[in-house]
Amino acid sequence: MKNLIAIIVVVLVALGLSSIYVVKEGERAILIQFGKVERNVETGEAMVFEPGLHFKIPFIETVKRLDARLQTLDGDPDRFVTSEKKDLIVDTYVMWRINDFSTFYLSTNGGNILQAEALLTRRINSGLRSEFGSRTISDIVSGERDELMREALIKGAQSASDLGVEVLDVRVMQINLPNEVSQSIYQRMRAERQAVATEHRSEGREQAEFIRADVDARVTVMLADAQRQSRELRGEGDAQAAKIYADAYSQDAEFFSFIRSMEAYTESFSSGSDVLVLDGKSDFFKYLQDMQGQIED
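Before going into details, it helps to say that this report is about the structure given with it. Please read all numbers here as calculations on a predicted model, not as lab measurements.

Let us look at the pattern of salt bridges. A full pass over the atoms with the stated rule returns 14 salt bridges. With a closest N to O distance of 3.1 Å, D87 and R79 form a salt bridge. The class for R79 is partly exposed, based on a relative accessible area of 35%. Put simply, E131, R135, E147 and K155 are held in one network by salt bridges that share partners.

Once that is clear, we can look at the packing of helix α3 (residues 113–133) against helix α5 (residues 145–160). Interhelical geometry of α3 versus α5 gives an angle of 140° and a closest axis separation of 9 Å. As summarised for this structure, α3 and α5 are arranged oblique, according to the angle between their axes. Handedness of the α3/α5 crossing: right-handed. Here L120, R123, I124, G127, L128, S130, E131 and F132 of α3 come into contact with α5, specifically with L148, E151, A152, K155, G156, S159 and A160.

This next bit is on the packing of aromatic side chains. With the rule as written, the count across this model stands at three aromatic pairs. Geometrically, the ring pair formed by F80 and F132 is stacked, given 5.1 Å between the ring centres and 20° between the ring planes. One end of the pair, F80, is in strand β8 (residues 78–81); the other, F132, is in helix α3, with 52 residues separating them in the sequence. As far as burial versus exposure is concerned, F80 and F132 are alike and both buried. A cation over a ring is seen here: R129 above F80, with NZ or CZ 4.8 Å from the ring centre.

Once that is clear, we can look at the side chain of D91. By the secondary structure assignment, D91 is in strand β9 (residues 87–98). D91 has contacts with D74, G75, P77, R171, V172, M173 and Q174, leaving out every residue within four places of it along the chain.

On to α3. Along its 21 residues, α3 runs 30 Å from first to last C-alpha, staying within 8% of the 30 Å computed at 1.5 Å per residue. When α3 is considered as a whole, its buried residues turn out to be A116, L119, L120, I124, N125, G127, L128, E131 and F132. Between the side-chain oxygen of the N-cap and the backbone nitrogen of L114 there are 3.0 Å, and the N-cap of α3 in question is N112.

Here we take up the pairing of strand β1 (residues 20–23). Side chains of β1 alternate between two faces, with Y21 and V23 buried and I20 and V22 left unburied. Bridge count for β1 against strand β5 (residues 52–55) is four bridges, and the pairing is antiparallel. Looking at β5, one finds that V23 is bridged to G52.

Right, let's talk about the nonpolar core for a bit. Ranked by size, the top nonpolar core spans 30 residues in total, and within it L120, L128 and F132 carry the most contacts. Within the residue set of this core, elements represented by two or more residues are β2 (27–33), β9, α2 (101–107), α3, α5 and β10 (165–176). For this core, the element with the highest residue contribution is α3, accounting for six residues. Residues lining this core come from more than one domain, with at least three contributed by each of domain 1 (1–67) and domain 2 (71–177). Setting aside residues up to four positions removed in sequence, L128 forms contacts with F80, T92, L148, A152 and V170. Y21, V23, L31 and V63 belong to the second largest nonpolar core, which has six residues in total.

Moving on: the environment of T82. Tracing the backbone through its elements, the reader meets T82 in the loop between β8 and β9. The class for T82 is buried, based on a relative accessible area of 2%. When the C-alpha atoms of T82 and I137 are compared, they prove to be 6.6 Å apart, with 55 residues separating the residues in sequence. Apart from the residues lying within four places of it in its own chain, the contact partners of T82 are L88, F132, G133, R135, I137 and I140.

Conventions we followed
- Throughout, a residue's number is its position along its own chain's written sequence, starting from 1.
- Local features are withheld for residues below a pLDDT of 70 in this predicted model, meaning they are given only at 70 or higher, and side-chain atom pairs are given and counted only at 80 or more; totals for whole chains, interfaces and linings count all residues.
- In computing side-chain values, all of the structure's heavy atoms are included and hydrogens and water are not.
- In the sections that follow, a salt bridge refers to a side-chain nitrogen of Lys or Arg positioned within 4 Å of a carboxyl oxygen of Asp or Glu.
- Classification of residues uses two cut-offs on accessible area relative to the type maximum, computed with a 1.4 Å probe and protein chains only: under 20% is buried, over 50% is exposed, and between them is partly exposed.
- Each axis is a line fitted through C-alpha atoms, and for a helix only the stretch in contact is used; angles between axes span 0 to 180 degrees, taken between their N-to-C directions.
- A run of DSSP states H or I qualifies as a helix once it reaches four residues; a run of E qualifies as a strand once it reaches two. Both are numbered from the N-terminal end.
- When describing relative orientation, an angle under 35 degrees is termed roughly parallel and one over 145 degrees roughly antiparallel, while 65 to 115 degrees is termed roughly perpendicular and anything else oblique.
- In a left-handed crossing the near helix is turned counterclockwise from the far helix by less than a right angle, and in a right-handed crossing that turn is clockwise.
- Contacts are assigned to residue pairs that have any heavy atoms within 4.5 Å of one another.
- Note on aromatic contacts: the rings of Phe and Tyr and the six-membered ring of Trp form a pair at centre separations within 6.5 Å, being stacked when their planes are under 30 degrees apart, edge-to-face when over 60 apart, and tilted otherwise.
- Only when the NZ atom of a Lys or the CZ atom of an Arg is both within 6 Å of the ring centre and within 35 degrees of the ring normal do we say a charge sits over the ring.
- Take the number of residues in a helix, subtract one, and multiply by 1.5 Å to get its expected span.
- By the criterion applied in these results, polar contacts are pairs of N or O atoms within 3.5 Å in which, for protein atoms, one can donate a hydrogen and the other can accept it, and in which residues neighboring in sequence qualify only through two side-chain atoms.
- Pairing between strands is defined by DSSP: at least two bridges between them are needed.
- Among the buried residues, those of types Ala, Val, Leu, Ile, Met, Phe, Trp, Tyr and Cys that are joined through side-chain atoms within 4.5 Å form a nonpolar core.
- Note: domain ranges come from an automatic or database domain assignment.

Structure follows, in structure tokens:
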């Protein structure tokens, strides 16, 4: 009898413990009975249990806890095509949360969060493709980016309603060109820059030639002016010298002739190796002969 009572007590305790369950903060719970979500008899809506202590029928009802917190979906960048038929690599993130726990449970194979994210990603990307496909790259990058995200949020919320989730925000974090397109654009930009650089170098060489020709012309003019001035000065000097000689000659012709003869003697015999063959009675030796006669006297 005592053993039977002990067994009954253990069974009752096990039944009592299995009939109690706790829903944590940030979670919601639904009850599954014979594979179906338990619903309110009066309203027909699924019974969703808030955080706290709750009871269930042991071995008949199963508790399924679902995350009610805000979720962030940040997948890999995907490729989108614009209205210009040009590819873009777009990185997005989505903020969402479960708002219909029964529908979410049924549409995601028992509340599988990975399956839910995969389904949500396809639906959000479908809306984004529609928005990117109706705009050019210039429109997307410039003023219509906010409008694009707003329209994508509206379409994403509509398409995700049958999953039992609420899409709160859709953001485009980064837009890049594919690597092959980026390389071609880089090569084109490099070629354009090289063409501009070549044009600048050509213009620089042209200006250098112009400056060099201008400087050469100025140097030629300056040299010509200098030569002209030197010839003028030399002519003036020769004229003044001739005038001085003429004045000296007019004052004392004999003395002038003597000085000129002495200068001629100095220039002729200065080296000591010059040889002159002249007649001794030549006028060149006139003053030497006079000096010799005076010495003999």
